[in-house]
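Here are the chains, one letter per residue:
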Amino acid sequence: MTVSELAQLDDFEAVALPEADREIDGAYSGDLLSWVMGRARAGNAWITIMSNINVVAVASLADTACVILAEGVIPDEEFTATAQARQVNVLRSGKPAYEISLILGSVL
Amino acid sequence: MSDALSFHYDVDGESFSSAGQASAGVKKNLRQLGIDPEIIRKVSIAMYEGEINMVIHAGGGEADITVEDNCIVIVLTDRGPGIADIDKAMEEGYSTARDNIRALGFGAGMGLPNMKRYTDEMNISSVVGEGTTITMKVFF
Ligand SMILES: Nc1ncnc2c1ncn2[C@@H]1O[C@H](COP(=O)(O)OP(=O)(O)OP(=O)(O)O)[C@@H](O)[C@H]1O
Ligand SMILES: [Mg+2]
């Protein structure tokens with residue numbers, strides 16, 4: 001499934017989709033940045049409640065397919081602009097990380 | 001590639017929001033050189049962890065990246081407080097990061113272990129009160 005296809009599902013909303021056609025290959029959930037760096041794989045969807053600017057850097061360098069902001073988190077302008085500029089796809093969802101994981105488990 | 005190519009970055013110790021710029025720059029440069037994405041990913045992650053450490057723990061520093069025939073060499077140098085017990089610092093979960101840093105998602109104590117994991121060679125030399133130099137190599 002591509003990131004833009006995921007964004008079209010009911011529980012998801014696009015925040016920034018600079019590489020909308022990117023394929024999602026599995027997922028990783030976590031908020032501690034070094035754990036994500038160490039454990040997420042390239043192409044994963046990364047589910048987190050963190051929305052500070054360092055999240056964009058980690059997603060870019062770890063080469064995840066997209067960030068999914070959980071729990072209805074709304075990122076600020078700088079976050080969205082930086083994601084766009086650095087080719088980092090970002091979605092958001094009102095659901096908690098566990099429920100997002102369940103959805104991904106059924107659609108991926 | 002026969003000539004060694006190198007990039008130098010000054011890592012600002014003040015600004016948190018721009019932290020990671022040197023790593024982003026390296027990623028971009030390596031991409032332009034057509035280097036294998038897997039290698040770029042390893043170098044980017046190791047370098048980012050080191051760069052963030054210099055910002056958080058050492059008040060900034062310098063990064064030098066050299067593309068050699070058979071590997072990429074990353075040298076990170078700072079004049080921070082140094083690391084008294086390197087073995088301890090290398091343990092997963094060991095961190096001296098303060099609460100304001102932890103609130104940003106750092107401080108898991110996984111940075112140095114990640115640097116080791118994603119590189120083929122890593123050497124730390126540190127003198128308390130003088131600073132730290134970390135050298136890492138990723139082979140093609
Ligand atoms: N350049 C440095 N100068 C001084 N101390 C350092 C430096 N780099 C690491 N340290 C020390 O080593 C500890 C472990 O570093 P490590 O990167 O593994 O974890 P962290 O930075 O605390 O958290 P994380 O990287 O998971 O966000 C740090 O908490 C700090 O005490
Ligand atoms: Mg660290």
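Please refer to the structure placed before this passage.
Residues numbered from 1 in each chain as written. Chains lettered and ligands numbered in written order. Predicted model: local features only at pLDDT ≥ 70, side-chain atom pairs only at ≥ 80, totals over all residues. Heavy atoms only, no water.

Visitor: Help me understand the environment of Leu33 of chain B, please; the structure alone is not making it clear to me.
Guide: Structurally, the position occupied by Leu33 of chain B is in the loop between helix H1 (21-32) and helix H2 (37-58). In contact with Leu33 of chain B, not counting residues within four places along its chain, are Leu5, Phe7 and Val67 of chain B. (Helix = DSSP H or I, 4+ residues; strand = E, 2+ residues; numbered from the N terminus. Contact = heavy atoms within 4.5 Å.)

Visitor: In this structure, what is going on with the packing of H2 of chain B against helix H5 (residues 111-118) of chain B? I would like to understand it.
Guide: In a pair of packed helices, the angle between the axes and the distance between the axes together describe the arrangement. Residue and element names in this part refer to chain B. At a minimum axis distance of 9 Å, the contact between H2 and H5 shows a crossing angle of 155°. Relative to H5, the element H2 lies roughly antiparallel. You can see that H2 and H5 cross each other, and the crossing is left-handed. Contact residues: Arg41, Lys42, Ile45, Ala46, Glu49, Gly50 and Asn53 in H2; Gly111, Leu112, Asn114, Met115 and Tyr118 in H5. Of the residues in the contact of H2 with H5, the class split is five nonpolar, four polar and three charged. (Axes fitted to C-alpha atoms, helices over the stretch in contact; angles between N-to-C directions. Parallel < 35°, antiparallel > 145°, perpendicular 65-115°, else oblique. Left-handed = near helix turned anticlockwise from the far one by under 90°. Nonpolar A, V, L, I, M, F, W, Y, C, P; charged D, E, K, R; others polar.)

Visitor: How do you make sense of the interface of chain B and chain A when you look at a structure like this?
Guide: It is common to give the size of an interface as the accessible area lost on bringing the parts into contact. Taken together, the contacts link 21 residues of chain B with 23 residues of chain A. Taken over both partners, the interface formed by chain B and chain A buries close to 1900 Å², and the fraction arising from carbon and sulfur atoms is 53%. Run the count over chain B and chain A and you get zero salt bridges. The interface formed by chain B and chain A contains ten residue pairs in polar contact (both at pLDDT 80 or more). Elements with a minimum of two residues in the side of chain B that touches chain A: H1, H2 and H5 of chain B. Top contributing element to the side of chain B that touches chain A by residue count: H2 of chain B, with five residues. (Buried area = accessible area lost by both parts, 1.4 Å probe. Salt bridge = Lys/Arg side-chain N within 4 Å of Asp/Glu carboxyl O. Polar contact = N/O pair within 3.5 Å; in protein donor to acceptor, adjacent residues only side chain to side chain.)

Visitor: Even after reading the chapter, I still don't get the packing of helix H3 (residues 54-62) of chain A against H2 of chain B, so can you show me in this structure?
Guide: It is the contact of H3 of chain A with H2 of chain B, at a shortest axis distance of 8 Å, that shows an interaxial angle of 150°. When the interaxial angle is binned, H3 of chain A and H2 of chain B end up roughly antiparallel. Contacts between H3 of chain A and H2 of chain B involve Asn54, Ala57, Val58, Leu61 and Ala62 of chain A from the former and Arg41, Ser44, Ile45 and Tyr48 of chain B from the latter. Split by residue class, the contact of H3 of chain A with H2 of chain B holds six nonpolar, two polar and one charged.

Visitor: So what exactly am I meant to see when it comes to the pattern of salt bridges here?
Guide: Pairs can form between side chains of opposite charge whenever their charged atoms are close. All names here are of chain A. This structure, assessed with the given rule, holds four salt bridges over all chains. Among the salt bridges present, the one from Glu13 reaches Arg92, with a minimum N-O distance of 3.1 Å. Placement of the pair is Glu13 in strand S1 (residues 12-16) and Arg92 in strand S5 (residues 90-93), with a sequence separation of 79 residues. Exposure remark for Glu13: the relative accessible area of 43% places this residue in the partly exposed category. (Buried < 20%, exposed > 50% of the residue type's maximum accessible area, 1.4 Å probe, protein only.)

Visitor: Mind showing me how you'd approach the site of ligand 1 here?
Guide: In the vicinity of ligand 1, 21 residues are found, and the nearest of them are His57, Ser95, Thr96, Gly107 and Gly109 of chain B. The local environment of ligand 1 is shared, drawing residues from chains A and B. The contact in question runs from an oxygen atom of ligand 1 to an N or O atom on the side chain of Ser34 of chain A, over 2.9 Å. At 2.7 Å, a backbone N or O of Gly107 of chain B approaches an oxygen atom of ligand 1. (Near = heavy atom within 4 Å.)

Visitor: Would you take a moment to explain a negative patch on the surface for this structure?
Guide: All names here are of chain A. On the surface, a cluster of negative charge is contributed by Glu5, Asp21, Glu23 and Asp25. Here Glu23 shows up in the loop between S1 and strand S2 (27-29). On the basis of relative accessibility, which here comes to 47%, the residue Glu23 falls in the partly exposed class. (Patch = residues over 30% accessible without salt bridge, like charges linked within 9 Å, V, L, I, M, F, W, Y side chains within 5 Å. Areas by Shrake-Rupley, 256 points an atom, 1.4 Å probe, with all protein chains shown as cover. Lys, Arg positive; Asp, Glu negative; His and termini not counted. Charge placed at Lys NZ, Arg CZ, Asp CG, Glu CD.)

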